[in-house]
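Coordinate inspection notes
In case you want the letters, here they are:
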Amino acid sequence: MLKLSTAPHLNTPTTTRGIMLDVIIALMPALIVGLLVFGMGALQVVITSVAGCVLFEYIICRYFLKSNPTTGDLSAIVTGLLLAFNLPSGFPISLTLIGCFVAIVIAKMAFGGIGKNIFNPALVGRVFLFISFPVQMTTWPKPQAFNFMNTDMETGATTLGILKHLKTDETAQMPELPSYLNMFIGNIGGCIGEVSALAILLGFVYMLYRRIISWHIPVYYVATFMLLSSIHWLLTGEIRHEPLIHLLSGGLMLGAVFMATDYTTSPMSKNGRIAYAIGCGILTYVIRFYGIYPEGVSFAILIMNAFVPLIDSTFIPRVFGTRRK
Amino acid sequence: MDIITSSIIMLGGIALASGVVLYFVSKKFYVKEDAKISEVEKLLPGVNCGACGKAGCHDFAKACSKANAEGFKQLYCTVGGNKVMQKVAEALGYRQEEKEETVAVLRCQGTCQNAPSKFEYTGLKSCRLVAQISTSQSECPYGCVRLGDCVSVCKFGALKIDKELGIPVVDENKCVSCGACVEICPKKLFEIRPKGKDGKRVYVACRNQQKGAIARKNCSAACIGCMKCTKINPEIKVENNLSYIPTSVDAETYGQELADNCPTGAIVYTGRKEKKHGA
Amino acid sequence: MELKTFPMGGIHLDKHKITSDKPIKEAGLPEIVYIPIKQHIGAPSKIKVQKGDKVKVGTLLADADGIVSADVHSSVSGEVIKIEDIVDADAYLSTMVVIKVEGDVFEPTIDQGPEIKKEITLSAEEIVKKIRESGIVGMGGAGYPTPIKATIPEGKRVNTLIVNGIECEAFLTADDRLMVERAEEIVIGAKILNKALGIQNAIIAIDENKPRAIEIMKKITRKYVGVNVRVCESKYPQGAEKQLIKAITGREVPSGKLPIDVHCIVQNVGTVHAIYEAVQKNKPLFERIITVTGDNAAENPQNFRARIGTPASFLIKQVTTHPENIGKVIFGGGMMGVSAVNMDAPVTKLTSGILLLNDEDATKPPETACIRCARCADSCPMGLRPFAIATAIRNHDNKELKQLHIMDCIECGTCSFICPARIPLLDYCKLGKMEIRKQKK
């Protein structure tokens, strides 16, 4: 019997699953650096987080929605990896699972699953943990200079934490900051996935090469932030406003490349994406420089997520053969 | 204590101020509307189906209250039927003539059994799309596409695709003859017909205009234009190899005979004794 | 060298041009041909022959009924055995003249000689009359009667003729081969059209993925003043009329307007070649180049020169010995072709190719949830937002639907093709068009 269908009769080989697989591949360099820098503690968080996210999505689909599980599209693995990347190494297993629950069940499935969530699930999970368990979330193991088997962890503050401390405690001694090279390759304290700017850049290049994302959001995001912080730094001249430190340490790179570019929670037109990225940059600057938290990327992206529907209805691309209104 | 008191005063003050503002705003922007409209609207079913030809129930209520006695006769809410129209007429002080209750009937019996599929369609399930690139599921160019555009457009849940037959079945208790299915069907297979006394009605469930032999080959329940029905009641006309039974033919008197004598079973009589499948 | 292209959207498509090296092959004569009397947009033609009539190749079978209509000629010699409604490719009934083939005798007026006639002796009016008498329609697939496009309406101005040799559609190579083998005739055809339109400027637009055609065309156009070759980027849908005009001239056809409103006329190379044959050789349109192809279902894909009315199955038999492998038969290319249910249906003036897919390729993958990647909107050559159209249709949101410019959709299929969730976005756009048309009534 002949088959019948409407045109087109061809499809691109790219599928949702393929895109997610590419994102996972792009996350690999950062994952490897994280494991090398933080050792077993990081591995435990990553495995728990990924397994937790996949499991929660499967349970919700199978037993609550009674539909075919959507875990096959690998998006839960991406969420799990990103959540783990935003947690400190050695984060307790039970709390990681709570983060997975919030990310998948509340932030994703409650809104209707993939494509329908308003906020980035991994970030919602992280922010929930950050507010609920501030002590555990800011217990940063020190980098162990690629000594993988060392399980005896020392802890210390992140670079941004040190900078923030300078502001609140005027009398504090200027502590030693890590070198730019260490910040670039990732031999610093921080969340598992955010430490190495180099690894994130590798992932960024891979995603650009595979045309998973366009360059607009990451570049406009970082550029806006750098512009504002540079002006601030030039005006005050204080070391804690040094823009390059802000770029290389903390979650700015990770957020700009992997979190802000999430399809579902970012605008769908080119100009909209630029506006969104600029908004993220401004908010990150405001929170880092004027807020009480040392880190502002998560909040900035989540706040801008809420503006996406508005941006989508404002920045409508021009239709061929018509004039822009 | 201090904090609590000040909070209460502050929040109370805000509430009071907002209330005052809201009050004046609602006064200033109040739209005066005929009391009759809301009264009529309350009586209507409120499904906004548009079957009456107006944009929605509110629009219909507006039209009713504005119409004079003559104009009112032209207005009819098919969903509410006579009961609702009677109430509306009472509220407005008019007299509403009783209209016969109607129902949608499917003029096709191109079921999976009578007219087997000739191809396998993959893609978005929409009859209107398939009708653009081909005819129907079966060899019959006039028959049902069986993808259920009518089901998706029915706001009253009166239509569903019968799993075994493959074609939609009308639930006459739920059907309000709004005409949405008539409009959406790319094959124009639905017709709004009087429900008939005790739900007894007779109609030709076929739209095939091909010559008898071809029509029969395509679908075993096709009308072959054999003219037998025209001999039973001369009001019945056969045009383009297709018979049509006008609503003036009394179902109770002729129904049984017409259905019994139709060689293919294309004529459906809902009150038929010997039970047979019919939409 | 500068490549021309359109600025908005578009995709780089794996074009599967597997037959671009295959010379055009005579398909031969089937035993019986079925010639539909309506192969164009507009009114069906009036039948001039009767059952039992003897006809020759080129004999008029049906006369144009009004201006928007076209003549139909016999493509074979033989006897008319019946004239009736026959099931067409889409299973609808269509009136066809059925001719039993006997020999291959041409009408004596047709010049069958191989020499190329370069001199254009007819006047503009005579050219248009010749085009009309030869039953020429837009052979790119639109089927709009060509005589209308060869005359400039009152109050309009034309300064550019674009000969469309882009053939951006997947799989098809009919135009490519025609340009390689009949380059000079196409150029003369362009000159003829220029004369009919009263202009001096013709541009032959070719896709960069046809190096041989570009080379040959460039060589030949050097001898003809006013005919130039422009090479376009290999992007889909570069061959769409509005996108091509934008690429070549930089002019944008306003929404709801025609190319003539920006002083352009676009003609397919096949049409231009047919015009040459009609005007210089007195040959009506009764045959065309058809690519019969497929990746897995066709063993020996070919470019055929086939008579109009040849059953598709006659051509399919020549490219595959395993017809049971065929899962889908498509009249046209992979992106815009129409899936057919009847393999015995005849090829028409508009059939540029027959694409065969095996069972696996023929099945549409299941639809999954939209992930808002915006690829559909980013690649839409008209700047539309297919995802928004799909949402509006699903929600029956007619108010939103009206603001989405659906009527500008050119139905190129880019959105459905690119969607990673396999949402049939083009289908939603078509439903949207139906909805808008219904409301306009």
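Thresholds applied
- Residues numbered from 1 in each chain as written.
- Chains lettered and ligands numbered in written order.
- Predicted model: local features only at pLDDT ≥ 70, side-chain atom pairs only at ≥ 80, totals over all residues.
- Helix = DSSP H or I, 4+ residues; strand = E, 2+ residues; numbered from the N terminus.
- Rg over C-alpha atoms; globule rule 2.2 N^0.38 Å.
- Buried ≥ 20, exposed ≤ 12 C-beta atoms within 10 Å, placed from the backbone.
- Contact = placed C-beta atoms within 7 Å.
- Axes fitted to C-alpha atoms, helices over the stretch in contact; angles between N-to-C directions.
- Parallel < 35°, antiparallel > 145°, perpendicular 65-115°, else oblique.
- Left-handed = near helix turned anticlockwise from the far one by under 90°.
- Nonpolar A, V, L, I, M, F, W, Y, C, P; charged D, E, K, R; others polar.
- Pairing = 2+ DSSP bridges.
- Expected span 1.5 Å × (residues − 1).
- Arc of directions from axis to C-beta.
- pLDDT = per-residue confidence, 0-100.

**Focus: the overall build of chain C**
Along chain C, the regular secondary structure elements total 14 helices and 17 strands. A compact globule built from 441 residues should have a C-alpha radius of gyration of about 22 Å, and chain C, at 22 Å, falls within 12% of that. Seen through its C-alpha atoms, chain C measures out along the principal axes to roughly 65 × 50 × 45 Å. Residues counted as buried form 57% of the 441 residues belonging to chain C. Contacts in chain C between residues at least 24 apart in sequence constitute 73% of all its contacts with a sequence separation of at least 6.

**With respect to the overall build of chain A**
The secondary structure content of chain A amounts to 14 helices and 1 strand. Relative to its length of 325 residues, chain A is compact, with a C-alpha radius of gyration of 20 Å against a globular reference of 20 Å. Along the first, second and third principal axes, the C-alpha atoms of chain A reach 80 × 50 × 35 Å. Buried positions account for 52% of the 325 residues belonging to chain A. Counted over contacts in chain A with a minimum sequence separation of 6, partners at least 24 positions apart contribute 74%.

**Considering the packing of helix α1 (residues 124-133) of chain C against helix α4 (residues 183-197) of chain C**
All names here are of chain C. Two elements in contact, α1 and α4, have axes whose closest approach is 8 Å; the angle formed by their N-to-C orientations is 120°. One finds that α1 runs oblique with respect to α4. For the element pair α1 and α4, the recorded crossing hand is left-handed. Residue-level contacts link A124, I127 and V128 of α1 to I192, K195 and A196 of α4. Residue composition of the contact of α1 with α4, grouped by class: 5 nonpolar, no polar and 1 charged.

**Notes on the sheet that holds strand β14 (residues 302-307) of chain C**
Residues and elements named next belong to chain C. Across the sheet, which stays open at both edges, the 6 strands sit in the order β1-β14-β13-β17-β15-β16 with mixed pairing between neighbours. The open sheet has two edge strands with one neighbour each: β1 (24-26) and β16 (338-340). Averaged over all pairs of adjacent strands, the angle between their axes in this sheet comes to 35°, without regard to strand direction. Of the pairings in the sheet, the one linking β1 to β14 comprises 3 bridges and is parallel in character. Bridge pairing in β14 links E26 to R305.

**Considering helix α13 (residues 270-290) of chain A**
All names here are of chain A. Here α13 is 21 residues long and its end C-alpha atoms lie 30 Å apart, about the 30 Å a rise of 1.5 Å per residue gives. Listed in full, the buried residues belonging to α13 are G272, R273, Y276, A277, G279, C280, G281, L283, T284, Y285 and R288. Looking at the buried positions of α13, the neighbouring elements they touch are α10 (216-236), α11 (243-248), α12 (252-259) and α14 (297-314).

**A look at the environment of K46 of chain C**
Residues and elements named next belong to chain C. Among the structural elements, K46 can be located in strand β3 (residues 46-47). What makes K46 partly exposed here is the crowd of 14 C-beta atoms within 10 Å. In this structure the C-alpha to C-alpha distance between K46 and A297, which are 251 residues apart in sequence, comes to 39 Å. Apart from the residues within four sequence positions on either side, K46 is in contact with A62, D63 and D65.

**Topic: the interface of chain B and chain C**
Counting from both sides, the interface comprises 12 residues of chain B and, opposite them, 14 residues of chain C. Grouping the amino acids of the side of chain B that touches chain C by side-chain chemistry returns 5 nonpolar, 5 polar and 2 charged.

**Side note on the sheet that holds strand β5 (residues 60-63) of chain C**
All names here are of chain C. Spatially, β3-β5-β6 is the arrangement adopted by the 3 strands of the open sheet, whose pairing is antiparallel. The open sheet has two edge strands, β3 and β6 (72-73), and neither has a second partner. Relative to β5, β3 runs antiparallel, the two being bridged by 2 bridges. Bridged to I47 within β5 is A62.

**Considering the interface of chain A and chain C**
On the chain C side, the residues contacting the 29 residues of chain A number 48 residues. Listing elements by their share of the side of chain A that touches chain C, those giving two or more residues are β1 (3-4) and α1 (16-38) of chain A. Looking at the side of chain A that touches chain C element by element, the count peaks at 3 residues for α1 of chain A. Partitioned by chemical class, the residues of the side of chain A that touches chain C number 12 nonpolar, 15 polar and 2 charged.

**Some thoughts on the environment of W215 of chain A**
Residues and elements named next belong to chain A. Here W215 lies in the loop between α9 (197-209) and α10. Among the residues examined, W215 registers 11 C-beta atoms within 10 Å and is labelled exposed. Spatially, the C-alpha atoms of W215 and T138 are 31 Å apart, while their sequence positions differ by 77 residues.

**Considerations on the packing of helix α3 (residues 75-85) of chain A against helix α4 (residues 93-108) of chain A**
Residue and element names in this part refer to chain A. In contact at an axis separation of 11 Å, α3 and α4 are set at 135° when each is read in the N-to-C sense. It follows from the interaxial angle that α3 and α4 lie oblique. Classified by chirality, the crossing of α4 by α3 is right-handed. Touching A76, T79, G80 and L83 of α3 are G99, C100, A103 and I104, all from α4. Classifying every residue of the contact of α3 with α4 gives 5 nonpolar, 3 polar and no charged.

**Remarks on helix α11 (residues 251-261) of chain B**
An α-helical segment advances 3.6 residues per turn. Residues three or four places apart therefore align on the same side. Residues and elements named next belong to chain B. Residues of α11 that are buried include every one of A251, G255, L258 and A259, and no others. Around the axis of α11, the buried residues are gathered within 90° of arc, so they sit on the same side. Those residues of α11 that are buried are in contact with β6 (202-204), α10 (228-232) and β9 (267-269).

**Looking at the confidence of the model for chain C**
Mean pLDDT for chain C: 91, with 100% of residues reaching 70 or above. On the interface metric, ipTM, the complex scores 0.88, and its pTM is 0.88.

**Topic: unusual backbone geometry**
Across the junction of A7 of chain A and P8 of chain A, the peptide omega takes the value -5°, indicating a cis bond. With respect to the secondary-structure elements, P8 of chain A resides in the loop between β1 and α1. In this structure, P237 of chain C follows Y236 of chain C across a cis peptide bond, with omega equal to -5°. Looking at the secondary structure, you find P237 of chain C in the loop between β11 (227-232) and α6 (241-249). We note that S177 of chain B has phi near 45°; this positive angle belongs to a residue other than glycine. By secondary structure assignment, the location of S177 of chain B is in the loop between β4 (168-170) and α8 (180-184). Positive phi, normally seen in glycine, also occurs at D198 of chain B, with a value near 55°.

**Structural notes on the environment of T160 of chain C**
Residue and element names in this part refer to chain C. Mapped onto the elements of the fold, T160 is located in strand β9 (residues 160-165). Judged by C-beta crowding, with 19 C-beta atoms within 10 Å, T160 ranks as partly exposed. Residues T160 and H263, spaced 103 residues apart in sequence, show a C-alpha to C-alpha distance of 6.5 Å. T160 has contacts with N201, I203, T249, H263 and C264, leaving out every residue within four places of it along the chain.

**As for the pairing of strand β8 (residues 93-101) of chain C**
All names here are of chain C. In the sheet, strand β2 (residues 32-36) pairs with β8 via 5 bridges, with the strands oriented antiparallel. By the bridge assignment for β8, Y34 is matched with V98. Connecting strand β7 (residues 78-87) to the antiparallel partner β8 that follows it, the hairpin turn spans 5 residues, and A91 within it adopts a positive phi of roughly 75°.

**A few points about the pairing of β9 of chain C**
Residue and element names in this part refer to chain C. When you tally the buried positions in β9, you get 5 out of 6 residues, the bulk of the element. Across 5 bridges, the pairing between β9 and strand β12 (residues 264-268) is parallel. Among the inter-strand pairings, I162 is bridged to a residue of β12, identified as V266.

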